[in-house]
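Next come the chains, spelled out residue by residue.
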Amino acid sequence: MMKIKKAFILISNAFIALVLLQTCLKPIPDMILSGAEKKVRMPYFTLSDWINREFQNRMEQWLKQNLGFRGFFVKTDNQINYTLFNEFSRNHPRKLILGKNKYLYEEPYIDLYNRISVAGLNSMEETAASLKSLQDVLKKHKVEFLLIITPSKTSIYPEYIPEKVIIRKNLSKKDSYQIFIPLLKRYGVNFLDGRKLFLALKKQSVPNLFPTSGSHWSLYGSYLFDTSLIEQMERLLGKRLVRIASRGIVRSREPIDLDKDIARLGNILFTRSLFTEYLYPDTYPDAPSGAYRPNILLVGSSFCWNIIHYLDINRVFSRLDFYYYFNTDYVYPGKKRNRIDKDRVDWNRDVLTRDIVIIEVNEVAMDENGYQFIETALRGLER
Amino acid sequence: MGFTSIIFLFYFLPLVILFHAAAPKKIRSLFFLASSYLFYLWGSPTGAVILFASSIVDYLLAGSIGRTRRPGTKKLLLGLSVSINIIILIYFKYANFFIGEINGVLNLLNMAAIPWKDVIFPLGISFITFHKISYLTDIYYGTAKPAESFTAYALYLAMFPKLLQGPIMRYNTISGEIVSHAGTLDSMFQGCIRFCVGLAKKVLIADALGHVVDAIFRLDSSSLTVGLSWIGVVFYSFQIYFDFTGYTDMAIGIGRMFGFTFTENFNRPYISQTFTEYWRRWHITLGNWFREYLYIPLGGNRAGRFNTYRNLWIVFIVTGLWHGANWTFIIWGLFHGLFIFLDRIFWLKITKRIPVALNIALTYFLLLVGWVFFRSDTIGGALYYLGRMFDFTKINNMPTTIMPASIIGNREIFVVVLAAILSFFPDSWFVQIKDAAAVRMSEGLITGLKAVSAAVLFVLSLVSIINSSFNPFIYFRF
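Rules of the game
Residues numbered from 1 in each chain as written. Chains lettered and ligands numbered in written order. Predicted model: local features only at pLDDT ≥ 70, side-chain atom pairs only at ≥ 80, totals over all residues. Heavy atoms only, no water. Helix = DSSP H or I, 4+ residues; strand = E, 2+ residues; numbered from the N terminus. Buried < 20%, exposed > 50% of the residue type's maximum accessible area, 1.4 Å probe, protein only. Contact = heavy atoms within 4.5 Å. Areas by Shrake-Rupley, 256 points an atom, 1.4 Å probe, with all protein chains shown as cover. Lys, Arg positive; Asp, Glu negative; His and termini not counted. Charge placed at Lys NZ, Arg CZ, Asp CG, Glu CD. Core = buried A, V, L, I, M, F, W, Y, C linked by side-chain atoms within 4.5 Å. Pairing = 2+ DSSP bridges. Salt bridge = Lys/Arg side-chain N within 4 Å of Asp/Glu carboxyl O. Disulfide = S-S within 2.5 Å. Phe/Tyr/Trp six-rings, centres within 6.5 Å; stacked < 30°, edge-to-face > 60°. Lys NZ or Arg CZ within 6 Å of the ring centre and 35° of its normal. Polar contact = N/O pair within 3.5 Å; in protein donor to acceptor, adjacent residues only side chain to side chain. Domains from an automatic or database assignment. Buried area = accessible area lost by both parts, 1.4 Å probe. pLDDT = per-residue confidence, 0-100.

Enquirer: When you look at the overall build of chain A in this model, what are you seeing that I'm missing?
Expert: Looking only at helices and strands, one finds 14 helices and eleven strands in chain A. Taking the principal axes of the C-alpha coordinates as reference, chain A spans close to 85 × 55 × 50 Å. Burial statistics for chain A: of 383 residues in total, 57% are counted as buried. Here the analysis covers contacts within chain A between residues at least 6 apart in sequence; of these, 73% occur between residues at least 24 apart. For chain A, the computed accessible surface area is about 17500 Å², with 53% contributed by carbon and sulfur atoms. Counting 57 positive and 42 negative side-chain charges, chain A places the averaged centre of each group 4 Å from the other.

Following this line, the structure appears as C-alpha cells:
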C-alpha cells in the first residue's frame, strides 16, 4: 500500500515537473490551437500594479496562456466535450453549435435565423439611402457600384439546425434580409442577392453550397457565386470580362481553408472526424482576346476571401484591393497587406480610379453599414 | 492566487511542499508563515499589511489578557482588542456599503453627499477577523493559552490553506500542530486525494454550473421564463455548495499535506429536514462560531423565550451581513432566521410526523427561495426573479430571445444530475458502498483506486481550467 502511495506522489511530482519543463524549454512541439486569440504580454512589475492586483491578474493570465502542453490540454477538454456530450466548448465568444449530419454553426447565425438580431427598419432605410447616394456619386465619376449580399448558412441550410435551439414562434417574423431587400429595390441600389441565388441553386439540387465544417460559404458555392458576379459586372461595365470556366468537379474528404474553419476552431484532438465530403471545381480562365480585366475595390468581411479565391487564380481582374472590414487593405495580385488609415484615404487615387466598387455585406452584419466605408466614402468623395 | 490558478497549482504549492519538507523542523513554522504571507501578498497586498500589523496588536493584547489577574482589566483588554478588529472589519468590508446607503438618503433629501473614495476590500478579512475574535475570547475565558510565540499566532491567522475561506478554527484545536507539524507519506497521500476531489468539485461541477447560472440571472424579462428561473436557482444551489465544499476540501487537503488537521465544514446540507439541521450541516464552523461567540454571550436560550428569539434574530442578521455588505445578504439572513424561529416555535414537532423525503424537499425548496436573495445584486432584482419563479400564469411561455438549450448544454445537464445525486444520496447508501468495498476489496486495491480516481479528476480539472482561458475568434477583424 505504501508503494502505491509513493508511486502516486512520485507520478504527481513528475507530471508537474514535466509540464514546467515544457513551459520553460518546450522540448516537445506543442499542439497548435486554431483561432485568433488576444496574446497576453508578460507584465512588468510596478508597485501600483501590484497593489491594485493588475500585475497579479495579468501574470496569472500570462502563465495560463503559456503553460506547457496548453494546446494538448485545450484539445483534450474539447474532445471530451465532443465525444461524451456531443457539443463544443462554450468558451468561444461566438459559440459553436453542432447540428444534424455534422453541420456546424456559429451562434450569431443561429440568432439571425431565430430573428433575435434583427436590424431596425430606420437604420436599414438609412443604409439603403446612403448606398444609393454612394452609387450616384461614384456614377458621376464613371465608377460602377454593386452591393453583394452574402448568405448565412442558417438561411440556406436551416434543416440541419438542432431543433432544440430553434425559437419556432419567432420564425414568422421578418429577418434583416427580408426588410433590407425591398428597401434596396425601392432606392434603386445595384445589388446581387447571394441568398436568393443559393436558394435557387439548392432547389436545383446543387449540393455543398456551405461546407458542413465551415462557417462561410464553401469554395464551391463561392465559385458559383463568382460566375453570377462576373455576369453582373459585365452588365454594369458593358464589357466582356474574363470568366471562370470549369473542367469538372473534384470530390475530396480534405477540406481547404475556410471550408473547415469552424471545425478547426472546435480545437478537438481528432478534427478529421468532423469532415464530410467537399467539392472543388477545377477552374480555368475563359479569356478570349479582348476580354477586359477590371480594376476592383472590394469592401467586406471574411466572406470575401472565397470570392477572391477564384477571381484571383483565374486572373479575372487587373487589380483588386480588398478592404477587409475597412481596416486592412489586401492588394491583389500578390495579397500585399497595408493598414488603412480611414482619415487619410486618397479617394481620387484609391477609389475613383476603379472600374467598380463592390461592397459585400453578410446577412448577419446588415446593421454594420459596410463597416463605416459608406459614410466615410461619402464624406471623402463629396469634399 | 486562487487554488485553481496555474500559479498556485504549478508553482506555489509544489515549491512550498518541496522547501517545507527540506526545511529543518525548527524553522518549518516560520517557513510556512512566510509562505502564507507570500500567498496573501499576492492576492491582497493591503490585506497582508493590515493582517501583519493587527496580528502584532492582537498578540500583545492577548498576552496581557492572559497575564492579568484583574477581571476588570481583562474585560477592558478584551473589549479593546475585539473592538479594534471589528472596527477594521467594518471599515474595510462595510464602509462602502453604509456610506453608499447614507449618500442615497442624502440624495433623496437633496443634501450634499459625504465625500468618499471606495475602500479596497482585503480578501478573507471576515474569516481572519473571526479567527482573531475567537482567539482573544478563548484567552479571556481561559479555554486557550496565549500563543507561545508571535510566529505561532501569526501562522494561526495567516495559514494559507484556510486564509481566504476557512474553515474557521479555534486556536486550541490546531495550536499543537502549529508548533510542531510534519507531513508524512500517508498524510501527503490523503491530502492529495482530498485536494483533487475538492478541485474537481470546484472546477468540474461548480464552475460548469456557474456558466448557466450567470447566463440565466442576466436574462431580460422577455426571456426569463418560469422554467428558466427555476433552473437558474436550482443550478445556483448546487454551484454554491460545490464551490464552497470544493474549496473546503482543497483547504483540508492542503492542510493534510503539511501535517495539519482542519475541521470539517460541510456535511451534505441538502439532506437536512429543517433549517435547524441545515445550519448544523452547512458551513459548520461558521455556525459554531456564531453559537460560541455571539449567541451564547448574548445569553443564548437561558434568559427566557423572548430573549432567546431576540438572540436568534441578532445572530441571523449578523450572519447575513457577514456574508456580504448588501441588503440582499441581510434579507437572506433574516429569511433563515425566520425559519429557525419557526422551528423553535412549532415546526420541529410537526416535522416528526411528516415523511423524511417531504421534509427534505420542503427545506430544499425554501433554501432555494433564500438563494435567490443571496445571488441577486439588489432586493428589487431578487423580488423580480422570485416573481418570475412563481408566475405560474405564464408557465407555458417560451422565451423569445434565447432557447434554454443555448444556455444549458449536455455537459451541464450531466453535471447537475451528478450534483443532485451527490447532494441528495442518502447517507446510509454511502456507508453501505464503503462497507461493501472494504469487504470485497483489499486495502491496496482501494488505495490504488483512490489514486487513479484522484489523478483522473486532477487531469480533467486541469484541462478544464486551461481551456477556460482559451476564447478564440475565427479571425480578428484586423
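There is more to say after this.
Enquirer: Looking at this structure, how should I read the nonpolar core?
Expert: Note that soluble globular proteins tend to have their nonpolar side chains buried in a common cluster. Membership of the largest hydrophobic core comes to 152 residues, with the highest contact counts inside it found for Phe8, Phe160, Tyr270, Trp282 and Trp371 of chain B. Sorting elements by how many residues they give to this core places helix H9 (residues 185–217) of chain B first, with 19 residues. When near neighbours in sequence (up to four residues on either side) are disregarded, Trp371 of chain B contacts Val233, Tyr236, Ser237, Ile240, Tyr270, Tyr278, Trp282 and Trp332 of chain B. Membership of the second largest hydrophobic core comes to 109 residues, among which are Leu274, Ile296, Ile308 and Leu352 of chain A.

Enquirer: How do you make sense of the pairing of strand E7 (residues 295–300) of chain A when you look at a structure like this?
Expert: A regular strand carries its side chains on alternate faces of the sheet. Residue and element names in this part refer to chain A. By the criterion of burial, E7 is predominantly enclosed, with six of the six residues buried. Residues Asn295, Leu297 and Val299 line one face of E7 and the alternating positions Ile296, Leu298 and Gly300 line the opposite face, and both faces are buried. Bridge analysis of E7 against strand E8 (residues 319–324) gives six bridges, and the strand direction is parallel. By the bridge assignment, Leu297 is partnered in E8 with Asp321. Summarising the sheet, E7 and strand E11 (residues 356–362) pair through four bridges and their orientation is parallel. For Ile296, the partnering residue across the bridge sits in E11 and is Ile356.

Enquirer: How do you make sense of the pattern of salt bridges when you look at a structure like this?
Expert: When the charged atoms of two side chains with opposite charge come close together, those side chains can pair. All names here are of chain A. Taken as a whole and judged by the stated rule, the model has 33 salt bridges over all chains. In this structure, the salt-bridge partner of Asp282 is Arg247, at a minimum N-O distance of 3.1 Å. Taken together, the residues span a long stretch of sequence, with Asp282 in strand E6 (residues 278–286) and Arg247 in strand E5 (residues 243–252) at a distance of 35 residues. Of the residues examined, Asp282 reaches a relative accessible area of 33% and is grouped as partly exposed. Look at Arg247 and you get exposed, because its relative accessible area is 57%.

Enquirer: Looking at this structure, how should I read the state of the cysteines?
Expert: Evaluation of the coordinates by the stated rule reveals zero disulfides over all chains. For the unlinked cysteine Cys196 of chain B, the closest cysteine sulfur is that of Cys192 of chain B, found at 6.3 Å.

Enquirer: When you look at the packing of aromatic side chains in this model, what are you seeing that I'm missing?
Expert: A ring pair, where both rings are aromatic, is described by two values, the distance of the centres and the angle of the planes. Enumeration over the complete set of coordinates arrives at 106 aromatic pairs over all chains. Seen from their ring centres, Tyr157 of chain A and Tyr160 of chain A are 6.0 Å apart, and the 50° between their planes marks the pair as tilted. The exposure class assigned to Tyr157 of chain A is buried, which follows from its relative accessible area of 5%. It is Lys239 of chain A that lies over the ring of Tyr292 of chain A; its NZ or CZ is 4.1 Å from the centre. In this structure, Lys162 of chain B is placed above the aromatic ring of Tyr156 of chain B, and the distance from its NZ or CZ to the ring centre is 5.3 Å.

Enquirer: Would you mind showing me how to read the environment of Ser81 of chain B here?
Expert: Residues and elements named next belong to chain B. With respect to the helices, strands and loops of the structure, Ser81 is situated in helix H4 (residues 71–108). On the basis of relative accessibility, which here comes to 1%, the residue Ser81 falls in the buried class. Between the C-alpha atoms of Ser81 and Lys132, which are 51 residues apart in sequence, the distance is 9.1 Å. The contacts of Ser81, once residues within four sequence positions are left out, are Leu61, Ile65 and Leu136. Within the local environment of Ser81, its side chain forms a polar contact with the backbone oxygen of Leu78, the two atoms lying 2.9 Å apart.

Enquirer: Help me out: how do you make sense of the domain arrangement of chain A in this one?
Expert: By a widespread convention, an interface's size corresponds to the accessible area lost as its parts come together. All names here are of chain A. What the domain assignment reports for chain A is domain 1 (31–67) and domain 2 (105–382). Computed over C-alpha atoms only, the centres of domain 1 and domain 2 are separated by 37 Å. With five residues of domain 1 at the contact, the number on the domain 2 side is four residues. When domain 1 packs against domain 2, the two sides together hide about 320 Å² of surface, and 56% of this comes from carbon and sulfur.

Enquirer: Help me understand the confidence of the model for chain A in this model?
Expert: Caution applies to low-pLDDT parts of the model: their predicted coordinates are not meant to be read in detail. Per-residue confidence for chain A gives a mean pLDDT of 90, with 98% of residues at or over 70. Per-element confidence in chain A is highest for strand E4 (residues 191–193) of chain A, whose mean pLDDT is 96, and lowest for helix H14 (residues 373–382) of chain A, whose mean pLDDT is 86.

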